[in-house]
Amino acid sequence: MLRSLPEAPQAPSPHGREALAGKVWIDLIEPTEAERAAFEAAFALRVPSKAELGEIEATSRLQVVDGTLYMTAPMIFAGENEPWFPSPTGFVLSQRVLMTVRFAPSTAFDAAAKDCAAEAKLEPATMFASLLEALVDHLADLLEGESRHLDDVSHSIFRPEHEKLSHETAMLRQLMIRTGRTSERMARIHYTLVCLDRMAKFAAERARDWLPHEVPPRLQAVSSDVASLVQFSEGLVSRVQLLQDAAAGIINIDQNDVMKVLTVASVVGIPPVLIAGIYGMNFKNIHEYDWAWGYQWGLALIVISAIIPFVWFKWKDWI
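The rules we used
Residues numbered from 1 in each chain as written. Predicted model: local features only at pLDDT ≥ 70, side-chain atom pairs only at ≥ 80, totals over all residues. Heavy atoms only, no water. Phe/Tyr/Trp six-rings, centres within 6.5 Å; stacked < 30°, edge-to-face > 60°. Helix = DSSP H or I, 4+ residues; strand = E, 2+ residues; numbered from the N terminus. Buried < 20%, exposed > 50% of the residue type's maximum accessible area, 1.4 Å probe, protein only. 1 Å grid on protein atoms, 1.4 Å probe; cavity = no way out; pocket = protein on both sides within 12 Å on 5 of 7 lines; lining within 4 Å. Points joined across faces, edges and corners; volume = space filled by probe spheres on them. Nonpolar A, V, L, I, M, F, W, Y, C, P; charged D, E, K, R; others polar. Salt bridge = Lys/Arg side-chain N within 4 Å of Asp/Glu carboxyl O. Axes fitted to C-alpha atoms, helices over the stretch in contact; angles between N-to-C directions. Parallel < 35°, antiparallel > 145°, perpendicular 65-115°, else oblique. Left-handed = near helix turned anticlockwise from the far one by under 90°. Contact = heavy atoms within 4.5 Å. Patch = residues over 30% accessible without salt bridge, like charges linked within 9 Å, V, L, I, M, F, W, Y side chains within 5 Å. Areas by Shrake-Rupley, 256 points an atom, 1.4 Å probe, with all protein chains shown as cover. Lys, Arg positive; Asp, Glu negative; His and termini not counted. Charge placed at Lys NZ, Arg CZ, Asp CG, Glu CD. Core = buried A, V, L, I, M, F, W, Y, C linked by side-chain atoms within 4.5 Å.

Asks: Explain the packing of aromatic side chains residue by residue, including any values.
Replies: Scanning the entire structure with this criterion turns up 5 aromatic pairs. Residues F39 and F43 carry aromatic rings whose centres are separated by 5.1 Å and whose planes lie at 40° to one another, so their mutual orientation is tilted. Of this pair, F39 and F43 are both found in helix α2 (residues 33-43), 4 residues apart, which corresponds to roughly one turn of the helix. The exposure class of F43 is buried, given its relative accessible area of 6%. Plain terms: the ring middles of F91 and F128 are 6.3 Å apart, the flat faces sit at 80° to each other, and that makes the pair edge-to-face. Note that F91 is positioned in strand β5 (residues 85-93) and F128 in helix α6 (residues 124-157), a separation of 37 residues in sequence. Each member of the pair F91 and F128 is classed as buried.

Asks: Residues and numbers for empty space enclosed by the protein, please.
Replies: In this approach a probe as big as a water molecule rolls over the atoms, and the regions it shows empty are the leftover space. Counted according to the given criterion, the structure contains 1 cavity of 30 Å³ or more. Volume-wise, the largest cavity comes out at about 50 Å³. If you trace the largest cavity, you find it lined by M75, I76, F77, S106, A108, F109, L135, H138 and L139. Elements with a minimum of two residues in the lining of the largest cavity: β4 (68-77), α5 (107-117) and α6. Each residue belonging to the lining of the largest cavity can be placed in one class, and the counts come to 7 nonpolar, 2 polar and no charged.

Asks: Tell me about the pattern of salt bridges, residues and numbers included.
Replies: Within this structure, the stated rule accounts for 7 salt bridges. Among the salt bridges present, the one from D27 reaches R102, with a minimum N-O distance of 2.6 Å. Taken together, the residues D27 in strand β2 (residues 25-29) and R102 in strand β6 (residues 98-102) connect sequence positions 75 residues apart. In this structure R102 comes out as buried when scored by relative accessible area, which is 1%. The partner of E146 in a salt bridge is R185, and the shortest N-O contact between them spans 3.0 Å. Taken together, the positions of E146 in helix α6 and R185 in helix α7 (residues 165-206) put the pair 39 residues apart, joining distant regions of the chain.

Asks: With reference to specific residues and values, describe the packing of α5 against α6.
Replies: Remark: α5 packs on α6, axes separated minimally by 9 Å, with the N-to-C direction vectors making an angle of 140°. As far as their axial angle goes, α6 and α5 are oblique. The element α5 and its partner α6 pack so that their crossing is right-handed. Note on element contacts: α6 touches α5 through M127, S130, L131, A134, L135 and H138, opposite T107, A108, F109, A112 and C116.

Asks: How would you summarise a negative patch on the surface if you had to cite specific residues and measurements?
Replies: On the surface, a cluster of negative charge is made up of D137, D141, E144 and D225. With 3 residues, α6 is the largest single contributor of residues to the negative patch. As for its placement among the helices and strands, D141 is situated in helix α6.

Asks: Residues and numbers for the side chain of T72, please.
Replies: Relative to the helices and strands, T72 is located in strand β4. Under the relative-accessibility criterion, T72 is labelled buried at 7%.

Asks: How would you sum up the nonpolar core? Please name residues and give values.
Replies: By size, the foremost hydrophobic cluster in this structure holds 61 residues, and its most contacted members are M71, F128, I157, M199 and L219. A per-element tally of this core places α6 first, with 16 residues. In this structure, I26, A42, L45 and F103 belong to the second largest nonpolar core, which totals 16 residues.

Asks: Run through the packing of α6 against helix α8 (residues 215-279), naming residues and quoting values.
Replies: Axis separation between α6 and α8 bottoms out at 10 Å; the angle between their running directions is 20°. Taken together, α6 and α8 sit at an angle that is classed as roughly parallel. Like other packed secondary-structure pairs, α6 and α8 cross with a definite hand, here left-handed. Considered class by class, the residues forming the contact of α6 with α8 number 22 nonpolar, 5 polar and 5 charged.

So this is what it looks like as structure tokens:
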């Protein structure tokens, strides 16, 4: 799909060369070969392929070809109830036009297009700065959402009351899985922020001769915002590690409590079993067999031998 700003007038060939003339922002969403050819014919600029946008080398992500900037960054597209996924996105900035090519819908792009459409004077570099600002704002919203998620997880882990051991262990394991996914999302956000920072600095440096005077300060502000968000995301990653360690520690403590109970039970049960085994040997010279109260004596001895180690454990405060 092809979207252009300002909006193209109705024409028999809406994606033809004539329809694109005079446009300052061309937004290609999963472009067809016809749309690629129309853009390349109208502006004599190359449209990067999806494979080229997926390159991870810095030299492939940031290039200058005949005064035109070719930039790439993995954008995060997240639905309300859908998993996050990165999608390669390309930016082509020249003095005549800003072209973006992407393969997934984005609310940040839609918001930037709406803001740019309301401006009286549209220039490619100005729209590029507005788009970077919208993308940074979108990532900031994602970070705020993850921060609230970690607050909920922290409240669940460090709550004063306790549930049954089996329920609590299962809940903590689920929280560890959730925080692990949060850590993965933080890594993706961090990498996207780094790429946007590189793009802002790259554009400010390589296009400084023809950028409008108001654009470099905006790009510098984008870099400053990115730096603060990177610090914030690093703090969230530290919180994720803390919560995972705390959940693992609580699970270990609960398991140790179970092992402590089993150990006490086994130690308390050893003396009674030993006494019962001695009197169960049925030798004729066991004198207690001839006692009138021999049976009661044996039961009392078994009970006392179990009580003594139990009292010992309580006195040592081991249970």
